[in-house]
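Structure at a glance
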Amino acid sequence: MAPIKKEKKEVSEFERKRLANIQANQAELKKLSKTADKVQPAPAPRPKPKTTSAPRKRAAPVIKTETRPTRTSSRLAGVEADSETAKRKAEVEYEYEQLQRAAKKMRRSEDLNYSDMLVEGRKYNKGEEFLSGIMRGANPYVRTFTKEDIKETTDEGLRALREKMSGLELYEGYEPNQIKITPERVYSLGFHPSPDKPLIFAGDKMGNMGIFDASQIGPEVKAEGNDDDDEDPEAPEPAITALKLHTRTITSFVFPADGNSVFTGSYDSSVRKFDLQKGVSVEVLAPDTLDEEMAISSIAIPKTDPNILLFSTLDGRFGRHDIRSPKDTEIWQLTDKKIGGFSIHPLQPHLVATASLDRMLKIWDLRSIKGKGEARIPSLLGEHQSKLSVSHASWSAAGHVATSSYDDTIKIHSFLDAGSWKVGHDINEESMKPSRVINHNNQTGRWVTILKPQWQEQPEDGIQKFVIGNMNRFVDVYSADGEQLAQLSGDGITAVPAVAQFHPTKDWVAGGTASGKLCLWM
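Keep in mind that what you see is a predicted model, and the values were worked out from it rather than measured.

Moving on to the packing of aromatic side chains. Taken as a whole and assessed by the stated rule, the structure comprises nine aromatic pairs. Aromatic side chains phenylalanine 466 and tyrosine 478 sit 5.6 Å apart centroid to centroid with 25° between the ring planes, which places their arrangement in the stacked category. Placement of the pair is phenylalanine 466 in strand S22 (residues 465-470) and tyrosine 478 in strand S23 (residues 474-479), with a sequence separation of twelve residues. Residue phenylalanine 466 is classed as buried on the basis of its relative accessible area, which comes to 0%.

Glancing now at empty space enclosed by the protein. Under the counting rule described, the total for this entry stands at one cavity of 30 Å³ or more. Of the voids in this model, the largest cavity is the one considered here, and its volume is about 40 Å³. If you go around the largest cavity, the residues you meet are Pro176, Asn177, Gly492, Ile493, Thr494, Ala495, Thr513, Ser515, Lys517 and Cys519.

Attention shifts here to the pattern of salt bridges. Throughout the structure, instances matching the rule amount to 18 salt bridges. One salt bridge in this structure joins arginine 162 and glutamate 483, with 3.1 Å as the shortest N-O distance. Of this pair, arginine 162 sits in helix H6 (residues 156-166) while glutamate 483 sits in the loop between S23 and strand S24 (484-488), and the two are 321 residues apart along the sequence. Through salt bridges with shared partners, a single network forms among Lys164, Asp461, Lys465 and Asp507.

Okay, H6 next. Two residues of an α-helix separated by three or four positions point the same way, owing to the 3.6 residues in each turn. Within H6, the full set of buried residues consists of Leu158, Leu161, Arg162 and Met165. The buried residues of H6 occupy an angular sector of 100° when projected down its axis, which confines them to one face. On its buried face, H6 sits against helix H5 (147-151), S22, S23, S24 and strand S25 (499-502). The distance from a side-chain oxygen at the start of H6 to the backbone nitrogen of glycine 157 is 3.0 Å, and the residue carrying that oxygen is aspartate 155.

Of note in this structure, tyrosine 141 is not a glycine but carries a positive phi near 70°. Secondary-structure assignment places tyrosine 141 in the loop between helix H4 (129-134) and H5. With phi around 75°, arginine 359 is a residue other than glycine that occupies positive phi space. Structurally, the position occupied by arginine 359 is in the loop between strand S14 (351-356) and strand S15 (360-370).

Scoring rules and cut-offs
- Residues numbered from 1 in each chain as written.
- Predicted model: local features only at pLDDT ≥ 70, side-chain atom pairs only at ≥ 80, totals over all residues.
- Heavy atoms only, no water.
- Phe/Tyr/Trp six-rings, centres within 6.5 Å; stacked < 30°, edge-to-face > 60°.
- Helix = DSSP H or I, 4+ residues; strand = E, 2+ residues; numbered from the N terminus.
- Buried < 20%, exposed > 50% of the residue type's maximum accessible area, 1.4 Å probe, protein only.
- 1 Å grid on protein atoms, 1.4 Å probe; cavity = no way out; pocket = protein on both sides within 12 Å on 5 of 7 lines; lining within 4 Å.
- Points joined across faces, edges and corners; volume = space filled by probe spheres on them.
- Salt bridge = Lys/Arg side-chain N within 4 Å of Asp/Glu carboxyl O.
- Arc of directions from axis to C-beta.
- Contact = heavy atoms within 4.5 Å.
- Polar contact = N/O pair within 3.5 Å; in protein donor to acceptor, adjacent residues only side chain to side chain.

Structure, rendered in structure tokens:
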């Protein structure tokens, strides 16, 4: 029986369109799949738009700085989540990110210019003059005052004074490197008021007090008849006494008029009195508990009342303490910043000059205390602001105040009529301006003690003058009108004599270094 041929069913128009769409979609998916298999390092260029009869204006080209491949959607590309293509794509992106991170951490061995090293993103100072401002470093042994300056002096009185002060000679008994007066860096110096012999006291950063008597005779030259030429005995050392008075930095010394004792102030929050006859040190001021901090930055005792102790602290407080009564202490908060140093007028001890981290020199009158409760403070007579912090303020007997500050200046303020000031006196802004500004490198850095001017309290010649350390390893001497009188130097000075001190009456000058060594000129 012959097979019966089945007739094909006629396909409807709808069915033909559906099948055609399926074929078109499959072709499109195959094309996308092939494209996704190739991970390009850069995004594919956009297809050119079809041209029309009316040409369009071209937009400005967009500059792309990113070299990283543009991330694409795997779902839209027809790539399954767990397929090999997706895994390979993730691996390529991860490797690229790792290379970018490694490049940022890689050491740069080439020479770098200043402009190449500037940090962006913040308001940093980007000018090249910034470097010249901070790099005003020391030039060891390079003089800023020479013999030629003395020869060219036309004023006979000034010339004679310069010759006199420049004629001071370095102590010959021992070299400065041999006179290690303290174990650690010298932070403060004091001259015993005795005019008979130079007796120097030094305080270091660890609370040690060194004492050196410069009247001792140095080592003598070997006698001619000595036959022991082959022997090389140890060189004799100077007699120095070192005492552990405090546990932290000794910041200042004060000698009463009788010279039988010395007061020392320290960062360990105490003031002690050392009896030079008995060799006993007693505490005269300290907080009630050991936990309370009151780091002493400076102390003073008026000549008119040896029982009153004045002191300043690193947290901006100023106090007055009666040594006879341990509980009789007044403390005032003068500023929120550190008081680096203060001094009292030698003849008007109620006048106090403070120098602080807030860039201010302030003059106070202890005769008038204003305010109530914790707001009580001495009467403020006037103030002057510097560009940078003020390190110290020192009164002269004639009424000058010398300050040193980190703007590389020494300023001399003149208050010659201070003895006539009544209670409630006000110093106007014009009178607070310095009468002389001296350019002076005060950039001590971390390892050198801060430079502070110190006046000669009662000069025998009646001429007001002060000393201050010089970063070029000298000690500078200036007059009250800002004229430089001398630049003291000598052989064997291998460090900056940053801490400088005048004897109260004699033209003796001492300088202490960061290595604990002492320089002495007489």
